[in-house]
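Commentary on secondary and tertiary structure
Below are the chains, spelled out letter by letter.
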Amino acid sequence: MQRITIDPITRLEGHGKIEIFLNEEGNVANTYFQIPELRGFERFCVGRPVEEMPLLTNRICGVCPEAHHMAAAKAVDAVYHVEVPPTGKKLRELLYSAFYCTDHTTHFYALGGPDFIMGPDAPVAERNILGVIHKVGLEVGGKVIQMRKFGHTVVEIIGGRKIHPCTSIPGGLTKGITEEQRKEIETMGRWAIEFAQFSLKAFNDIVLSNKAYLDLIVGDIYTHKTYYMGMVDENNKVNFYDGKVRVVGPDGKEYVKYEPKDYAEHIAEHVEPWTYLKFPYLKNVGWKGFVDGPDSGVYMATPLSRLNAADGMATPLAQAEYEKFFSALGGKPVHQRLAIHWARLIELLYAAERWVELATDPEITSPDFHAIPTATPTEGVGIVEAPRGTLTHHYWTDERGVVTKVNLVVGTTNNYAPITMSIKKAADSLIKKGNVNEGLLNMVEMAFRAYDPCFGCATHSLPGQMPLEVTILDPDGNPINVLKQYCE
Amino acid sequence: MSKPKFAMYWAASCGGCEIAVLNIHEKILDVDAAFDVVFWPVAMDAKYKDVEAMQDGEITLCLFNGGMRNDENEHIAKLLRKKSKIMVSFGSCACEGCIPGLANFSSIKDMVDTAFTTITTDNPDNIRPQASYTMPEGIITIPTLNPMLKTLDQVVDVDYYMPGCPPESHQIAAVVDLVIAALNGKAELPPKGSTIGAGDSTVCDECPRKRHEKSIKAFGRIQLMHADPELCLLEQGIPCNGPATRSGCNARCPIAGAQCIGCYGPAEGVVDYGARLIAAFASVIDSDKPEEIDHILDGLVDPAGQFYRFNLAGSLLRSSKSAQKG
């Protein structure tokens, strides 16, 4: 077999690795997307007091510690069979909404957005946040910094710290907020709504109005017809903090809706010997390999999945954008992976609206933010929607509340199989007869960047975000080009 | 005149150190003005081969975060050490192993076995990841895990230590100012081996909670009480690590009602964090009856984790015997 290798010869820099093998005709025979590290949270959290889990699992990912903090908080509530008072729940969701605004902003302006704002074929040196600021102006750059600042400020007010929040405990939180803090949070939230609207308008002006970009989004190369997962509230509207997990099929119809505690009846993880990361799939559909369609248990969990899996958004401005989204892209579900970027901005608007809703809730300043657990701790599952996918924490404890077993099915991990498929499809489509077309390389990069993959998070296993470098070699081993991807 | 060069890198870490640096917000423009940022995966596209092509010592300042979990991490640590004049061990993972260092309580085999036998894992053939694996199309490889997680200074020489999980952004900003001033001849850098960007006392000294003569009859769990928001947490029986932990964070967690978990590492002059904390906890136990003392100590449900939560890899112990055996 003739071998063209896509290999990070700079193996020691890359925290992700792609190998592409060609057959005799020079077409793609197979691709491997490998994750090279394991930190082992499932093992070393055993023996720890369960109330430390929201603090320990923060350290899975410093980009979205809030997501781990919240999934862990809900899991430890469940372990203690304690109902968090309404104020406690609302404070956590308020923190989480502000975090979402920061996180989605970072992705759009610093990661995914540059591909569109600067253009898919812009020089690598300009395809970053500084390039974006130069192009759209310092004023916009200032807004982006402001948005990140406001989000982190709310995280700090409620969570005690900007990074790795510390206030969620079994039964609620260690502290509440004052009226003065509430006002400050509300003011920042109102600004965030305007910022989200501005971002959607920018996406419309720069991306949707550009036919070449639009063609890229709706084109076949970034399309996979898989199942889609997302958390929904009691009205089947998108919810990041609480609800049931809903999965729709490639036809858009509900396949299953499950309670967090039942996740293991629906999710299994396939193992391959050539990577440290597992491949989750829908257990009752089955693992059929890296293929899409209704008979393959492969599913996706991203902003686009959440929109596909829900019947709408729970806030008015985001709902209007949701309707516009599906009408522009030909109805539900949307299978085109690049539409994840657009979906992310609709979620940004929802998160900002929810932020203000919660900040103006009369209960939010109540001192009733913690209920002391009274039951014997046993076992519990907590699920939230991390920005990069459904996040499941499951703990077992002894009667003292000391952890005896842990299972984590984390954000990006959900998307390991679909990302692998997207890479293969891009390579399949574009590498023919041994020719590596320069133009395809950035398009391969865009295929995985759309997922906003964070393999630190995903695998609770690697350096927080994955600086992925792929070097393309010709058959003689000469480097042709280098692809890069960063989580944040 | 060309500007001094700046690099930042992550090994086995969570990315929080990077976010902490980004959270100096506008000050990042000062970094941009003062330095030529040559390598910083989080913020810019720079090529690894560019680093390899550099002269030894060409990078003026390198902030290195993350622990040494595998052979890849060690290789890049050695490379950046060679290319950097000032190598800062940045954040808890690099300085003392941090939470991922808790893996040193068990063997690497145990860790991998656990990850690949969870209840959702579909693994009928009991597969484990292989460093080198032959596929029909050819051999593919992934890095080899170290039996023990190591700190950065257990692998390369380090000039300064900057503790915290992550280091507080105001401390990062202060260090940036100091280095820029030193480069302009307006300040002097501290002696090699110093801890920078942190205080030289303990979290207790920064904590505004009221303290009395500390004495407790029982250790408690934070979720099983409504803690007094004004009073020292340790005095209320909550195992707070403030007495042994280095200051510099402004006691953020205790102010927010949560116990200090020790992320800033050992206070100045403390050789072994766990030993210091054991002494501190022992001193507040209000009893001279051995049986009662035993009973009080039973309230600490996880002594090993309590005393070495962030710094097992960097402690005198470094690991359990099972980890040393691999």
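Given the structure is predicted, the values throughout are model-derived calculations rather than measurements.

Turning next to the overall build of chain B. Per the secondary structure count, chain B includes 13 helices and 10 strands. For 326 residues, the compact-globule estimate of 2.2 N^0.38 gives 20 Å, and chain B sits close to it at 22 Å. Counting every position in chain B, which comprises 326 residues, the buried fraction comes to 51%. Of all intrachain contacts in chain B linking residues separated by at least 6 positions in sequence, the fraction that spans at least 24 positions is 74%.

All names here are of chain A. Remark: helix 7 (residues 179-208) packs on helix 11 (residues 340-359), axes separated minimally by 8 Å, with the N-to-C direction vectors making an angle of 160°. Classified by the angle their axes make, helix 7 and helix 11 are roughly antiparallel. Read as a crossing pair, helix 7 and helix 11 show a hand that is left-handed. Counting all contacts with helix 7, which are made through Arg182, Ile185, Glu186, Gly189, Arg190, Ala192, Ile193, Ala196, Gln197, Ser199, Leu200 and Phe203, the residues of helix 11 involved are Trp342, Leu345, Leu348, Leu349, Ala352, Glu353, Trp355, Val356 and Ala359. Here the residues of the contact of helix 7 with helix 11 are counted per class, giving 14 nonpolar, 3 polar and 4 charged.

Of the consecutive residues Lys332(A) and Pro333(A), the connecting peptide bond is found in the cis state with omega at -10°. Mapped onto the elements, Pro333(A) comes out in the loop between helix 10 (316-328) and helix 11. Of the consecutive residues Cys165(B) and Pro166(B), the connecting peptide bond is found in the cis state with omega at -15°. If you trace the backbone, Pro166(B) turns up in the loop between strand 10 (160-162) and helix 7 (169-183).

Before going further, it helps to examine the sheet that holds strand 13 (residues 403-409) of chain A. All names here are of chain A. Strands sit in the order 11-12-13 across an open sheet of 3 strands; the sheet is antiparallel. Across the chains shown, the open sheet's two edge strands, defined by having one partner strand only, are strand 11 (379-386) and strand 13. Going from strand to strand, the sheet's axes swing by 15° on average, the running direction of each strand aside. Alignment of strand 12 (residues 389-397) against strand 13, held across 6 bridges, turns out to be antiparallel. The residue of strand 13 that forms the bridge with tryptophan 396 is lysine 405. Lying over the sheet, helix 3 (residues 65-79) contacts strand 11 and strand 12, oriented at roughly 155° with respect to strand 11.

Conventions used here
Residues numbered from 1 in each chain as written. Chains lettered and ligands numbered in written order. Predicted model: local features only at pLDDT ≥ 70, side-chain atom pairs only at ≥ 80, totals over all residues. Helix = DSSP H or I, 4+ residues; strand = E, 2+ residues; numbered from the N terminus. Rg over C-alpha atoms; globule rule 2.2 N^0.38 Å. Buried ≥ 20, exposed ≤ 12 C-beta atoms within 10 Å, placed from the backbone. Contact = placed C-beta atoms within 7 Å. Axes fitted to C-alpha atoms, helices over the stretch in contact; angles between N-to-C directions. Parallel < 35°, antiparallel > 145°, perpendicular 65-115°, else oblique. Left-handed = near helix turned anticlockwise from the far one by under 90°. Nonpolar A, V, L, I, M, F, W, Y, C, P; charged D, E, K, R; others polar. Pairing = 2+ DSSP bridges.

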